[in-house]
Amino acid sequence: MYTTKQKRFYSPQFSALAAVSVRRLAWAMGKSMPAAVDLMVRLLPSIVDSAKVCLSCQDNTKCQGCIFRSTITPEEKAALLAAF
């Protein structure tokens, strides 16, 4: 039997508040909890100073895939929120 090794990502435990809140957001979106978390992460650059995050970063090996690498435009933010 051939099995492929899938890449695993760090998955921290949510606090009770976070778990309850993400679950309700997911219900409102009609999507899964991971999809709700993904939406929140994609919106982070619109509420957090990306430059400060980059200056504090301790791992510059994944900058290409980091959401804080660029700022989010109002149009991108609107499109993300429209998905909600």
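Everything here concerns the structure above.
To start, this report covers the structure provided alongside it.

The rules behind each value
Residues numbered from 1 in each chain as written. Predicted model: local features only at pLDDT ≥ 70, side-chain atom pairs only at ≥ 80, totals over all residues. Heavy atoms only, no water. Helix = DSSP H or I, 4+ residues; strand = E, 2+ residues; numbered from the N terminus. Rg over C-alpha atoms; globule rule 2.2 N^0.38 Å. Core = buried A, V, L, I, M, F, W, Y, C linked by side-chain atoms within 4.5 Å. Buried < 20%, exposed > 50% of the residue type's maximum accessible area, 1.4 Å probe, protein only. Contact = heavy atoms within 4.5 Å. Axes fitted to C-alpha atoms, helices over the stretch in contact; angles between N-to-C directions. Parallel < 35°, antiparallel > 145°, perpendicular 65-115°, else oblique. Nonpolar A, V, L, I, M, F, W, Y, C, P; charged D, E, K, R; others polar.

Secondary structure summary: the protein chain contains four helices and zero strands in total. Of the regular secondary structure in the protein chain, the N- to C-terminal order runs α-α-α-α. Its C-alpha atoms give the protein chain a radius of gyration of 15 Å, clearly above 12 Å, the size a compact globule of 84 residues would have. Projected onto its principal axes, the C-alpha coordinates of the protein chain cover approximately 45 × 35 × 25 Å.

If you look at the biggest cluster of nonpolar residues, it comprises seven residues: Val22, Ala26, Met29, Ala36, Leu39, Leu43 and Ile72. For this core, the secondary structure elements donating two or more residues are helix 1 (16-29) and helix 2 (33-43). In this structure, Val22 is in contact with Phe14, Met33, Ala36, Val37 and Met40, ignoring residues within four places of it in sequence.

Okay, the packing of helix 1 against helix 2 next. At a minimum axis distance of 8 Å, the contact between helix 1 and helix 2 shows a crossing angle of 95°. If you check the angle between helix 1 and helix 2, you find them roughly perpendicular. On helix 2, the residues touching Ala19, Val22, Arg23, Leu25, Ala26 and Met29 of helix 1 are Met33, Ala35, Ala36, Val37, Leu39 and Met40. Here the contact of helix 1 with helix 2 is composed, by residue class, of eleven nonpolar, no polar and one charged.

That is the geometry; function is a separate question.
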